[in-house]
Amino acid sequence: MKILKQQFSVDAYPLSLTKAILLTLGMTFCFILLAMYAFLHFEGYAFLDAMSERILTAKKASIERMLNDYVAVPQQSNAIIVHSIGLEEGESVAVRPLSGSLINNINNVFVDERYLDLVAFGSHNGEFVSVTRKGIGDGRLALRDAKTGNVLTVHSHLSPESEVMNTLPEFTPESTEWYQEVAADRRSHWTRPFIDSIASGTAGIAWSSPAFNRVGAFVGVVASEVHFDELTRKLQKFKPYPDSLMLIVDGKRQLIASSANGLVKAHHEKPNQPLALRTLAQTDDPLVVAADKALQRQEHPGMLKLTVEGNTYYVDTFAIQGQEAQLDWKGVIITPTSSITHTIMGYGRILLLVLFVLCAFAFLAVVAVLSRATRPLQEIARKADELVTHRWTPSLDKRHFPEIASLETTFMALSHKLAESFELQRKKIEEDEVTQLWTTAGLQQQSSLYKKRNLVGLLHIGNMYSVENALGTDFGEAFINEFIRRLRDVLPSDTLIARDTRDKLLLILPGVNQQKDYLRYHDILASLFMGDASEMHAHDKKYVYIGNVGMVMAPVSEETFPTLHREAGIALLKAQHMGNGAVELFSTAMYEHELMNIQLHEHLYEAIHHHEFHLVLQPIIDQHHEEHCREGECLLRWHSETLGHVSPERFIPLAEETGLIVPLGKWVIEEACRELATMIARGAPKNFLLHINVSATQLLQQDFAWHLMDCVRGNELENSNICIEITESVLMQDMPRISKMLGYLRRHGISISLDDFGSGFSSLSYLHALPFDSIKIDRNFVSGVMGDEKSQSIITSLIVLARGFDVPLIAEGIEDEDVLSRLKELGCQKAQGFYFRRPSEFSTYHCEAGEFHYRQKADAESPVTDSAE
């Protein structure tokens, strides 16, 4: 153990964990104090200024909202009363019944708002009613109508039967400040400040609104008053700090209200007439005068900093406009900087004190806790060596922290379980629980693997997953165990068998084998998948196995085993392409083929981005109208800068296997639509039908149809210009989705052609369920039409089939006139091949006046009679 500790030694800090934590805490505490001191020393004033401005801005926003609510109340009050009067139908409104609405409005609707002081209505016929809120006495009612002898009578309470406090014989609604202007222009207005004789000579302003009856006739004016004495009390309540001064001024900088008593002074000529107010410059207060001058010089809105008589103040303003923005008032807040600074510094001192106390307690607590935690940890670290011997000595201390106690008991249990866990883990890695075989990792640990063995096989059971998915895991386990039993029956007893993956077995055959031995094992292993094994084990359950084997012949050693394993896998891939039961021996050519596929894949990916692909067109000829070509197939070609010309038979299958067919297929569709649109613009028939080959992977993409039709529309083509060709491999993928997609395309005018028809085994089974517009005969049948009676019979049958479905039959691979003539005799309607023209770029075809001339000029003068091209 001591040697291992020296081998895996780790550099340690010079300080213990306890000392390091205490030192870190102390340094952190000192750093915080130094940082705070430096900050306050160098940036303290700027920080205080910034904090002060933010605090004042926040308080200003609150004050601005409350004061604007103040001036909004009269407007809301008028709206309610005007609405109530609007329900009346008479030419004039009786004021006594209306008094109930006014009383309800001022004492119930706005009962929580002391901003609203008086509500009045003056009729166009001279009648008048007003109500003052409770708080101005017990509320007062003033009436002027026929019952009062058209004399304004002020009652001590809100009832006409209450005591009369005063009478104003000369009063008329028309004489009030708030009636005249509204009655003239029939619009709502704020009045100028005035003293209202009805409300005991109180100064204020009113929001007056015209009132109309149900038919829209003017019947009088409604006014809601707010009084400045209440506004002054609000300013004293709203000011942000006790030393702050709040002012309200009008558009002429006249002082309306102030939080300081004695600043506002006003006089008037007569009751209910405008007040004469002092401007800020006319006050006797030097601070107010200085603030006024500073505000006049201010070029940009924002907070000002002002020094008066050695004291510094913040000065800020805000607008007071009401709901309809007709009140041109401005609020001014003047606050000594010392008020804010003292407040912030007071809170800061308290915070520092609390922080200091907390840090001190925390430091002491950490010291105490560490002393109780680190000593047991040191003891556990000292005893950790005992884990190797599976012993653990219990601690002598009776009490521990829960974590330490848990760590102690865990190590104690771990020391007893460690050996068992190691053994269990080894078995899990090296032994397969289901088959009791070695795993690949376990096999590599067996010395017998490297004793005179040179034939390795990788066996794949192709239907293993299908059996498990369909019949369950238990059946799958019995399925593979039965196969292993059969395998042991036919192979030598000293064959090493390991389970490589869930559906693969690794075979290491005994001895130094030669080619003849491989051939013998080839037949034995192939028979396991050919049905012969089922006959041999007829008394057992008749399991049917599908699979392949890849083998490699080379000496097995610890160094070569990973390579042999990989090479057997390459041979297995080759065997899987050969079909069920195939057994293949690894060769250098297989490895080179895999490397070539990897290189080809890399170049294929780059070719898409480097635009190395191009499209060619091969015409499809209607044999009844050979001179008028209206159809052609679009084919893909690749000329690589590195690889040169690459055959589609090489790169298209690879693109389908790797998924690159999706971006490549999209490019083909986009380029084909562009080329066709260009060719039609050059004079080709507008109804030219272009065939585009589509793979199963493309067709199953969710956006395939949208992308195809977008490309058609984007190039100003018709859906009827496009025909997609699909092969039987497409039909084998997902029949319900494929059928649904093809039906969708055909409903939108896109044609469907079944390509290479007859090359598979199940094409006929799909015809009744698939929508299609044409059938293409596999070129293998066409090439044998001259000498093979079976090919002729198949073509004849397909022609009859196509006629039954009322679709044309297209023969591919026509290379000479004899084949063409024979197909014409058999009744084949359309043809395609080198005889007519080799695939060529779209631009090489001559198009003119709605005609597509597929023959080159030399061919037009003397028709092709052989396949020399």
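First, a word on what this report is: a plain description of the structure on this page. Worth saying up front: this structure is predicted, and the values here are computed from it rather than measured.

## What about the overall build of the protein?
Stage number 1. Looking only at helices and strands, one finds 26 helices and 34 strands in the protein.
Stage number 2. Considering the protein as a whole, with its 869 residues, one finds that 45% of them fall into the buried category.
Stage number 3. Accessible area for the protein stands at about 45900 Å²; split by element, carbon and sulfur atoms hold 55% of it.

## Some thoughts on helix H4 (residues 177-185)
At 3.6 residues per turn, the α-helix brings residues three or four places apart onto the same side.
Stage number 1. All of the buried residues in H4 are Glu-177, Trp-178, Tyr-179 and Val-182.
Stage number 2. On its buried side, H4 packs onto strand S1 (118-123), strand S2 (128-132), strand S6 (189-190), strand S7 (194-196), strand S8 (202-212) and strand S9 (218-227).
Stage number 3. Once H4 ends, the next one or two residues include Arg-186, with phi positive near 55°.

## Considering a nonpolar patch on the surface
Stage number 1. Taken together, Leu-25, Phe-363, Leu-364 and Val-367 make up a surface patch of nonpolar side chains, about 320 Å² in accessible area.
Stage number 2. Examining the composition of the nonpolar patch, we find that 3 residues originate from one element, helix H7 (residues 337-383), more than from any other.
Stage number 3. Counting through the fold element by element, Val-367 comes out in helix H7.
Stage number 4. Residue classification places Val-367 among the partly exposed positions, given a relative accessible area of 33%.

## Brief notes about the sheet that holds strand S10 (residues 245-249)
Stage number 1. Strand order in the open sheet formed by 5 strands is S11-S10-S16-S15-S14, and the pairing between neighbours is antiparallel. In the strand order of this sheet, the two ends are held by strand S11 (255-258) and strand S14 (304-308), each with one partner. Neighbour-to-neighbour, the strand axes of this sheet turn through a mean angle of 25°, independent of strand direction.
Stage number 2. In this fold helix H5 (residues 228-238) packs onto S10, S11 and strand S16 (329-336), with an angle of close to 50° to the strand it touches most, S11.
Stage number 3. Against the sheet, helix H6 (residues 286-297) makes contact with S10, S14, strand S15 (311-320) and S16, and its axis sits at roughly 140° relative to S14, the strand it touches most.

## Description of the layout of surface pockets
Stage number 1. Counted as a void, the largest pocket has a volume near 1300 Å³.
Stage number 2. In this structure, the largest pocket is lined by 42 residues; those nearest its centre are Leu-635, Pro-648, Ile-652, Asn-693 and Asp-755.
Stage number 3. When contributions to the lining of the largest pocket are tallied by element, the ones reaching two or more residues are strand S23 (613-619), strand S25 (631-640), helix H16 (648-658), helix H17 (661-681), strand S27 (689-693), helix H18 (696-699), helix H20 (728-731) and strand S29 (751-757).
Stage number 4. Grouping the constituent residues of the lining of the largest pocket by class yields 16 nonpolar, 14 polar and 12 charged.
Stage number 5. Space inside the second largest pocket adds up to approximately 510 Å³.
Stage number 6. Ranked by residue count, the leading element in the lining of the second largest pocket is helix H15 (residues 588-610), at 9 residues.
Stage number 7. Of the residues belonging to the lining of the second largest pocket, the class tally is 9 nonpolar, 4 polar and 5 charged.

## Points about the side chain of Ser-259
Stage number 1. Relative to the helices and strands, Ser-259 resides in the loop between S11 and strand S12 (266-268).
Stage number 2. Excluding residues that lie within four positions of it along the chain, Ser-259 makes contacts with Leu-235, Gln-236, Lys-239, Ser-244, Leu-245 and Met-246.

## Some remarks on empty space enclosed by the protein
Stage number 1. Evaluated as defined, the whole model comprises 4 cavities of 30 Å³ or more.
Stage number 2. Size it by volume and the largest cavity reaches roughly 70 Å³.
Stage number 3. Val-662, Gly-665, Lys-666, Ile-669, Gln-698, Gln-701, Asp-703, Phe-704 and His-707 are the residues that line the largest cavity.
Stage number 4. Counting only elements with at least two residues in the lining of the largest cavity, the list comes to H17 and helix H19 (704-714).

## Things to note about the environment of Ser-840
Stage number 1. Within the element layout of this structure, Ser-840 appears in the loop between strand S32 (830-831) and strand S33 (846-848).
Stage number 2. Beyond its immediate chain neighbours, meaning those up to four positions away, Ser-840 contacts Val-616, Leu-617 and Tyr-845.
Stage number 3. Engagement of the side chain of Ser-840 in a polar contact is seen with the side chain of Arg-837, the distance being 3.4 Å.

## Quick word on the sheet that holds strand S19 (residues 496-501)
Stage number 1. In spatial order, the strands read S17-S19-S20-S18-S21-S22; together these 6 strands make up an open sheet with mixed pairing. Single-partner strands in this sheet number two, and they are strand S17 (438-439) and strand S22 (583-585).
Stage number 2. Inspection of the sheet shows S19 paired to strand S20 (residues 504-509) by 5 bridges, in the antiparallel sense. Note that in S20 the partner of Ala-498 across the bridge is Leu-506.

## A look at the pairing of S10
Stage number 1. Burial within S10 is extensive, with 5 of its 5 residues counted as buried.
Stage number 2. Across the two faces of S10 the burial is the same, with Leu-245, Leu-247 and Val-249 and Met-246 and Ile-248 all buried.
Stage number 3. Where S10 meets S16, 5 bridges bridge the pair, whose relative direction is antiparallel. Considered in S16, the bridge of Leu-245 is made with Ile-334.

## Some words on the nonpolar core
Stage number 1. Core analysis: the biggest nonpolar cluster contains 84 residues, and Phe-613, Leu-699, Ile-724, Leu-745 and Ile-814 have the highest contact counts within it.
Stage number 2. For this core, the element with the highest residue contribution is H17, accounting for 12 residues.
Stage number 3. Setting aside residues up to four positions removed in sequence, Ile-814 forms contacts with Val-782, Val-819, Leu-820, Leu-823, Ala-831, Gln-832, Gly-833, Phe-834, Tyr-835 and Phe-836.
Stage number 4. Judged by nonpolar contacts, the second largest core, of 29 residues, contains Ile-484, Tyr-518, Tyr-545 and Met-551.

## Considerations on the packing of helix H10 (residues 464-471) against helix H11 (residues 473-490)
Stage number 1. H11 packs onto H10 with a crossing angle of 145° between their chain directions and a minimal axis gap of 7 Å. Handedness of the H10/H11 crossing: right-handed. In this structure, H10 uses Met-464, Val-467, Glu-468 and Leu-471 to contact H11, whose residues at the interface are Thr-473, Phe-475, Gly-476, Phe-479 and Ile-480.
Stage number 2. Taken together, the residues of the contact of H10 with H11 sort by class into 6 nonpolar, 2 polar and 1 charged.

## With respect to the pairing of strand S3 (residues 141-144)
Stage number 1. The two faces of S3 match: Leu-141 and Leu-143 on one face and Ala-142 and Arg-144 on the other face are all buried.
Stage number 2. Across 4 bridges, S2 lies against S3 in antiparallel orientation. Note on S3: the bridge partner recorded for Phe-128 is Arg-144.
Stage number 3. Relative to strand S4 (residues 152-155), S3 is paired through 3 bridges, and the arrangement is antiparallel.

## Side note on the packing of aromatic side chains
Stage number 1. What the rule picks out here adds up to 21 aromatic pairs.
Stage number 2. Here Phe-128 and Phe-171 contribute two aromatic rings whose centre-to-centre distance is 4.9 Å and whose plane-to-plane angle is 65°, an arrangement assigned as edge-to-face. Of the two residues, Phe-128 is situated in strand S2 and Phe-171 in the loop between strand S5 (164-168) and H4; the sequence distance between them amounts to 43 residues.
Stage number 3. With a relative accessible area of 5%, Phe-171 lands in the buried category.
Stage number 4. The interplanar angle of 65° and the centroid separation of 6.3 Å between the aromatic rings of Trp-178 and Tyr-179 together place this pair among those described as edge-to-face. Across the pair, Tyr-179 and Trp-178 agree in class, each one buried.
Stage number 5. Seen from the ring of Phe-218, Arg-186 lies directly overhead, with NZ or CZ sitting 3.9 Å from the centre.
Stage number 6. Looking at Arg-837, its charged tip hangs above the ring of Tyr-845, at a distance of 4.1 Å from the centre.

Reading the values: rules and limits
Residues numbered from 1 in each chain as written. Predicted model: local features only at pLDDT ≥ 70, side-chain atom pairs only at ≥ 80, totals over all residues. Heavy atoms only, no water. Helix = DSSP H or I, 4+ residues; strand = E, 2+ residues; numbered from the N terminus. Buried < 20%, exposed > 50% of the residue type's maximum accessible area, 1.4 Å probe, protein only. Areas by Shrake-Rupley, 256 points an atom, 1.4 Å probe, with all protein chains shown as cover. Contact = heavy atoms within 4.5 Å. Patch = residues over 30% accessible without salt bridge, like charges linked within 9 Å, V, L, I, M, F, W, Y side chains within 5 Å. Salt bridge = Lys/Arg side-chain N within 4 Å of Asp/Glu carboxyl O. Pairing = 2+ DSSP bridges. Axes fitted to C-alpha atoms, helices over the stretch in contact; angles between N-to-C directions. 1 Å grid on protein atoms, 1.4 Å probe; cavity = no way out; pocket = protein on both sides within 12 Å on 5 of 7 lines; lining within 4 Å. Points joined across faces, edges and corners; volume = space filled by probe spheres on them. Nonpolar A, V, L, I, M, F, W, Y, C, P; charged D, E, K, R; others polar. Polar contact = N/O pair within 3.5 Å; in protein donor to acceptor, adjacent residues only side chain to side chain. Core = buried A, V, L, I, M, F, W, Y, C linked by side-chain atoms within 4.5 Å. Left-handed = near helix turned anticlockwise from the far one by under 90°. Phe/Tyr/Trp six-rings, centres within 6.5 Å; stacked < 30°, edge-to-face > 60°. Lys NZ or Arg CZ within 6 Å of the ring centre and 35° of its normal.

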